[in-house]
Amino acid sequence: MSKKFWSSLIAILLLSAVVLTACGGAAPESPAEEAAPAEEESMEMEDAQVEVFSWWTGGGEAAGLDAMIEVFGAEYTDVEFVNAAVAGGAGTNARAVLASRLQAGDPPDSWQGHAGQELIGTYVVGGQIEALNDLYDAEGWVDVMPETLIPLISHEGNIYSVPVNIHRANVMWYNPTVLSDNGVEVPATMDEWFAAMDTLQAAGVTPLALGEQWTQLHLLETVLLGSLGSDAYDGLWDGSTDWASAEVTAALDDFAKVLTYTNSDAASLSWQDASQLVVNGDAAFNVMGDWAAGYYIELELTAMEDYGWAPTPGSVGVFQFLSDSFTLAVGAPHPEGAEAWLKVAGSKAGQEAFNPVKGSICARTDCDPSLFGEYLQSAMEDWGSNTVSGSLTHGVVANDSWKSEIDTALGLFVAGQDVAGFQDALVAACASSGPCK
Amino acid sequence: MLKNLKLQKKHGLYIPLIGMAIFYLLPMYVMLATGFKSFAEVDLKTMWNLPQGIAFDNYIEAYAKLAPSLWSSAKMVVPAALISSMLGSLNGFILAKWKFKGADIIFPLILFGMFIPYQSILIPFVQFMNAVGLTGIPGLIIAHVIYGIPITTLTFRNYYASLPQELLEAAKIDGADMLGIYRHILLPISMPSFVVVLIWQFTSAWNDFLFAVILTSNTDWPVTVALNNMAGSQIISWNVQMAGSLLAALPTLLVYILLGRYFLRGLLAGSLKG
Amino acid sequence: MNKNKDRYLSIILISPSILAVLIFVYGFIGWSIRVSLSDWKGLNPNYTWAGSKNYLALFSDPRFHVDIRNTLIFTGVFVIGSIVLGFILAVMLDQGLKGEGIFRSIFLFPMAISYIVTGVVWRWLMNPAEGSRMSGLNLLFDSLNLDFLVNRWHTTPIWGMAAIAIAAIWQMSGYTMALYLAGLRAIPHELREAARIDGASEFQIYRRIILPLLTPISLSALIILGHMSLKVFDLIIAIAGKQLPLDVPAIYMWQTTFDGLFYSRGAAIGILLLISVAVLIIPYIRYTLKAED
């Protein structure tokens, strides 16, 4: 063989040697560290642990989870917390893994899920999570959470999860300078909104910043809410509003019209890119959940100067929420540990540790407002006083199958702009995966 | 005269070649430049601008976040590459030089495994691996070894098939048995194929995302998954993300720079004619 | 005696591999087929026999039609683009220029990187924003006065898939270049010299002599790239996310199975993908194995 070959081979061997020694070096350390305290402590507390499954793996979410774990550790010193977080895609991958673990009869003790139908339609119907009514009674949670929230996270009179945080979906962000330069007031109704956007478009400003497909679904749910009103919107999800009705047609026409005011490159923008268009002055409005406030804070922008917010047009007085919540698995290997975790997740201390870091508000109405920034304080006020409706995109009002059928119908609509076909597909989706028969 | 003209013509080729090289390097430039920018400096509009300063903060931050998963990847990739190469060499030897009845059916069956879309086995794969508890790094190693068998077997079989039969016959006359022939005659001259297969398995296991995302959790993510997760599901720091991307690509790039020639052959091994 | 022992030994040594492939490839395919013929929707497995229902539903599913169209566009652009570009690069590099090694490395290096990594960068490069927000390649074209090249990339209606294929060509054309370069090097020099002496032009030499000799390589490239394009998944996800205009069967399969819990439909898509790959691959494997004998 050539010289070059042998030198290359040596290089490869060296490389793998480095890698192997590094692994070898690292390996003995960790078991030693773990083994020592385990032996000391727990002769009788052998099972004192809890495995909690989530998709909070990065950013403020993971930091918030860590803060809550700290609270848990301080309170339950003898329970080991196993953080089973799985990657990616707003929980898509995590849910795939969770589903397979549940199918294999190996559930984690507790897992994260969007409160509402995402949990109910999948796990309650699948017989995988326990009702928590007793825990709610014992901890007095019903009294500290908004009355209108409870039915949305219940199924046949039972409550199945503990919400730790609340985000608001129906927020319209705007650029105050762009609005005042064009003499536009912040719109409160759909008609005012259309008028404002006509003015802006005539002035050469992109009226509404929009991003990739899930942000379009997010926009759709807020337009449905704004156009139908909260009663008819809620009725869509329990079967009392007919998807084939004229008012839904009108709402979908509104949605089609709203799309005409958006940037042409929506499909290529993340929600952050779209949010940035507003603060850069490239667009006037953006509809996005209130995690956008966290993004603006990270960009070191000033509230009400660089950006402003209002409920999406037509939804003043309605708080369209989404919430991350935790469950108790049927057949949980460590039910006591799981219950301890849920108590922390529902407690004032736990929620006050988690939410300021994550950039959301407490599901409880009694958290200390001084822990939160300007936007979140206003959201807390609304959360305590508004009518509560649920978000579609974020799992509250429709089960996973239904939501994915609606998402497909939306995608086809955006590509083809056929309102009648869109409505037909929505009717079919409700019949195949929702409550419509 | 003619020769001169030809030479000039040849030099003219540098223009399209350099043009193409720029096209191939553009994404690399963006990755590098963005990796050196601060969070506030990152904006789509100014993506072609050079960073205002050369700071390694993003790389340090990205490394801090990715270090555990870089080790996870290493712990997974090295055994996966070694085991599947050994298996491939053994299988290739048997299929090329020690044909048994039915080998002509078995080989194409193994070969076809190289081409299957993973979507067609994904649901059973997820169910099976969880049901038998083969998750985490061990599960990932097994997955890469098994789905690597077709290509490693093919590479070694083609190589061994090209060796003259006399080599074996002579050894047989000397009384060597099958394992003896494999160990003393074929293995020593198999190094080039081993390098090729190791590189191939190394890069494909290192770059894999689908299996990793299904089988691992946050204590043992390989680097592709960690990179994807670094963003969280909400705010993305593109500068750190780009720095992290470069770190994640570094080991394969290094293998590729050090062993370019064999990397090339590794790629060719992916084609049946390899 | 000895021979028999070796025969058993060889079978014993190879059987773990065969067993593994039988279970993990063929067993799982069988299992997927069974799921695709069931009524499984939701978390808990449900193997109620549903016959060909899922397949029939897919054939009339508008989303699946979009997927097929997208796959055809992607495959066409990607395969032809990679083969043509790879061939041109290989011919240029085959002229014995100085610095050949450097160019070869540059053209090949994208292959070493994961789609997840490169997709992020391409997402930026192919930003279709207009006017003052122009960025990426469009901005570059604009500032170089190449305005006619400015376009909407992957957000172009119907043909957006072709833009994704460009990123894939970037990543894979180095591979076809390597294939062709290996092929060109294997063609004896005398053949070209003889043709030259006969008065053939360079173009004629490539057209009449070299291309036909490279046919097996073109065929390999066609098959390898073709089957890759049927599986494309991470690249699209990294560039464009999961969006309907750029939907392909692999993404539909993932979404409908794990987001929508339509397990039986997901399995049916997987099996249809497998069938299309098999149609391409099986004749090729037969052809190659026959050519060996």
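As the structure is a computational prediction, the values presented were derived from the model and not from experiment.

**A word on the interface of chain C and chain B**
- Of the residues lining the interface, 92 residues belong to chain C; the matching set on chain B comes to 83 residues.
- On the chain C side of the contact with chain B, Phe24(C), Ala112(C) and Trp124(C) bury the most area, a combined 9% of that side's loss.
- On inspection of chain C and its partner chain B, the count reaches one salt bridge.
- A salt bridge links Lys5(C) to Asp177(B); the shortest N-O distance between them is 3.8 Å.
- Inspection of the chain C/chain B interface yields 13 residue pairs in polar contact (both at pLDDT 80 or more).
- At 20 residues, the largest contribution of residues to the side of chain C that touches chain B is made by helix α1 (residues 2–36) of chain C.
- Partitioned by chemical class, the residues of the side of chain C that touches chain B number 64 nonpolar, 19 polar and nine charged.

**Brief notes about the packing of aromatic side chains**
- By the definition in use, this model includes 64 aromatic pairs over all chains.
- Judged by centre distance (5.1 Å) and plane angle (85°), the rings of Trp309(A) and Tyr375(A) are edge-to-face. Taken together, the residues Trp309(A) in strand β11 (residues 308–311) and Tyr375(A) in helix α16 (residues 374–385) connect sequence positions 66 residues apart.
- Here Tyr14(B) and Phe103(C) contribute two aromatic rings whose centre-to-centre distance is 6.3 Å and whose plane-to-plane angle is 40°, an arrangement assigned as tilted. Of the two residues, Tyr14(B) sits in helix α2 (residues 14–35) while Phe103(C) sits in helix α4 (residues 100–108), which places them in two different chains.
- We classify Phe103(C) as buried; its relative accessible area is 11%.
- Every member of this aromatic cluster is reached through a ring pair, and the members are Tyr14(B), Phe23(B), Tyr24(B), Phe103(C), Phe107(C), Phe109(C), Trp122(C) and Trp170(C).
- Taking the ring centre of Phe107(B) as reference, the NZ or CZ of Arg157(B) above it sits at 4.1 Å.
- Seen from the ring of Phe262(C), Arg265(C) lies directly overhead, with NZ or CZ sitting 4.2 Å from the centre.

**A look at the domain arrangement of chain A**
Residues and elements named next belong to chain A.
- By the assigned domains, chain A splits into domain 1 (49–167 + 322–390) and domain 2 (168–321 + 399–433).
- Counting residues at the interface gives 23 residues for domain 1 and 21 residues for domain 2.
- Summing both sides of the interface, domain 1 and domain 2 together bury roughly 2,000 Å²; the carbon and sulfur share of this comes to 57%.
- Considering only the surface of domain 1 that becomes buried against domain 2, His167, Tyr375 and Ser389 emerge as the three largest contributors, covering 34% of it.
- In this structure, the connection of domain 1 to domain 2 is made through one salt bridge.
- The closest approach of N and O atoms between Asp382 and Arg168, which form a salt bridge, is 2.8 Å.
- Taken together, domain 1 and domain 2 are joined by twelve residue pairs in polar contact (both at pLDDT 80 or more).
- At the level of elements, α4 (117–124), α7 (149–152), β7 (165–168), α16 and β15 (387–390) are the ones that each hand at least two residues to the side of domain 1 that touches domain 2.
- Grouping the constituent residues of the side of domain 1 that touches domain 2 by class yields nine nonpolar, ten polar and four charged.

**Considerations on the side chain of Asn286(A)**
All names here are of chain A.
- Summarising the element assignment, Asn286 is placed in strand β10 (residues 283–287).
- Here Asn286 falls in the buried class, since its relative accessible area comes to 2%.
- A distance of 2.9 Å separates the side chain of Asn286 from the backbone oxygen of Ala209, its partner in a polar contact.
- Excluding its chain neighbours within four sequence positions, the residues that come into contact with Asn286 are Val171, Met172, Trp173, Leu208, Ala209, Ala274, Ser275 and Val278.

**Observations concerning the sheet that holds β10(A)**
Residues and elements named next belong to chain A.
- Taken in spatial order, the four strands line up as β9-β10-β8-β11 in an open sheet, and their pairing is mixed. The two strands at the open ends of the sheet, each matched to only one other strand, are β9 (206–209) and β11. Within this sheet the neighbouring strands show an average axis-to-axis angle of 25°, counted without direction.
- Sheet topology places strand β8 (residues 171–174) next to β10; three bridges connect them, and they run antiparallel. Looking across to β10, one finds that Met172 is bridged to Val287.

**Here's the deal with the state of the cysteines**
Residues and elements named next belong to chain A.
- Scanning the model with the defined rule gives two disulfides over all chains in all.
- Note on cysteine connectivity: Cys362 is disulfide-linked to Cys367, with sulfurs 2.2 Å apart. The sign of the -100° torsion about the S-S bond sets the Cys362-Cys367 disulfide as left-handed. Cys367 carries the same exposure label as Cys362, and that label is buried.
- The disulfide bridge from Cys430 ends at Cys436, spanning 1.8 Å between sulfur atoms.

**Quick notes on unusual backbone geometry**
- Phi at Met304(A) is positive, roughly 65°, even though this residue is not glycine.
- One non-glycine residue, Leu261(C), lies in positive phi territory at about 60°.
- With a relative accessible area of 6%, Leu261(C) lands in the buried category.

**So, the packing of helix α10 (residues 213–238) of chain A against helix α11 (residues 246–259) of chain A**
Residues and elements named next belong to chain A.
- With their axes 10 Å apart at the nearest point, α10 and α11 run at an angle of 155° to one another. Viewed along their axes, α10 and α11 adopt a mutual orientation that is roughly antiparallel. At the point where α10 passes α11, the crossing takes the right-handed sense. For the pair formed by α10 and α11, the contact residues are Gln216, Leu219, Leu220, Val223, Leu224, Ser227, Leu228, Ala232 and Leu236 on the first element and Glu247, Val248, Ala250, Ala251, Leu252, Asp254, Phe255, Val258 and Leu259 on the second.
- Of the residues contributing to the contact of α10 with α11, the split by class is 14 nonpolar, two polar and two charged.

**A look at the sheet that holds strand β13 (residues 324–326) of chain A**
All names here are of chain A.
- The five strands lie next to each other as β2-β1-β3-β13-β6, forming an open sheet whose pairing is mixed. Each edge of the sheet is formed by a strand with only one pairing partner; in this case those strands are β2 (80–85) and β6 (162–163).
- Sheet strands in contact with α4 are β3 (110–114) and β13, and its direction is about 130° off that of β3.

**A word on the environment of Val178(A)**
Residues and elements named next belong to chain A.
- Relative to the helices and strands, Val178 is located in helix α8 (residues 176–181).
- In sequence terms Val178 and Pro163 are 15 residues apart; their C-alpha atoms lie 37 Å from each other.
- The residues contacting Val178, other than those within four sequence positions of it, are Leu200, Val205, Gly281 and Ala284.

**Some points on a negative patch on the surface**
Residues and elements named next belong to chain A.
- A contiguous patch of negative charge on the surface is contributed by Asp134, Asp137, Glu139, Glu336 and Glu339.
- Only α5 (133–139) and α14 (335–346) provide two or more residues apiece to the negative patch.
- Residue contributions to the negative patch peak at three residues, all from α5.

**A word on the pairing of strand β1 (residues 49–54) of chain A**
All names here are of chain A.
- Of all the six residues making up β1, five are buried; the element is thus mostly covered by neighbouring parts of the structure.
- The pairing of β1 with β3 spans two bridges and is parallel. If you follow Val52 over to β3, its bridge partner there is Ser110.

Thresholds, definitions, all that
Residues numbered from 1 in each chain as written. Chains lettered and ligands numbered in written order. Predicted model: local features only at pLDDT ≥ 70, side-chain atom pairs only at ≥ 80, totals over all residues. Heavy atoms only, no water. Contact = heavy atoms within 4.5 Å. Buried area = accessible area lost by both parts, 1.4 Å probe. Salt bridge = Lys/Arg side-chain N within 4 Å of Asp/Glu carboxyl O. Polar contact = N/O pair within 3.5 Å; in protein donor to acceptor, adjacent residues only side chain to side chain. Helix = DSSP H or I, 4+ residues; strand = E, 2+ residues; numbered from the N terminus. Nonpolar A, V, L, I, M, F, W, Y, C, P; charged D, E, K, R; others polar. Phe/Tyr/Trp six-rings, centres within 6.5 Å; stacked < 30°, edge-to-face > 60°. Buried < 20%, exposed > 50% of the residue type's maximum accessible area, 1.4 Å probe, protein only. Lys NZ or Arg CZ within 6 Å of the ring centre and 35° of its normal. Domains from an automatic or database assignment. Pairing = 2+ DSSP bridges. Axes fitted to C-alpha atoms, helices over the stretch in contact; angles between N-to-C directions. Disulfide = S-S within 2.5 Å. Parallel < 35°, antiparallel > 145°, perpendicular 65-115°, else oblique. Left-handed = near helix turned anticlockwise from the far one by under 90°. Patch = residues over 30% accessible without salt bridge, like charges linked within 9 Å, V, L, I, M, F, W, Y side chains within 5 Å. Areas by Shrake-Rupley, 256 points an atom, 1.4 Å probe, with all protein chains shown as cover. Lys, Arg positive; Asp, Glu negative; His and termini not counted. Charge placed at Lys NZ, Arg CZ, Asp CG, Glu CD.

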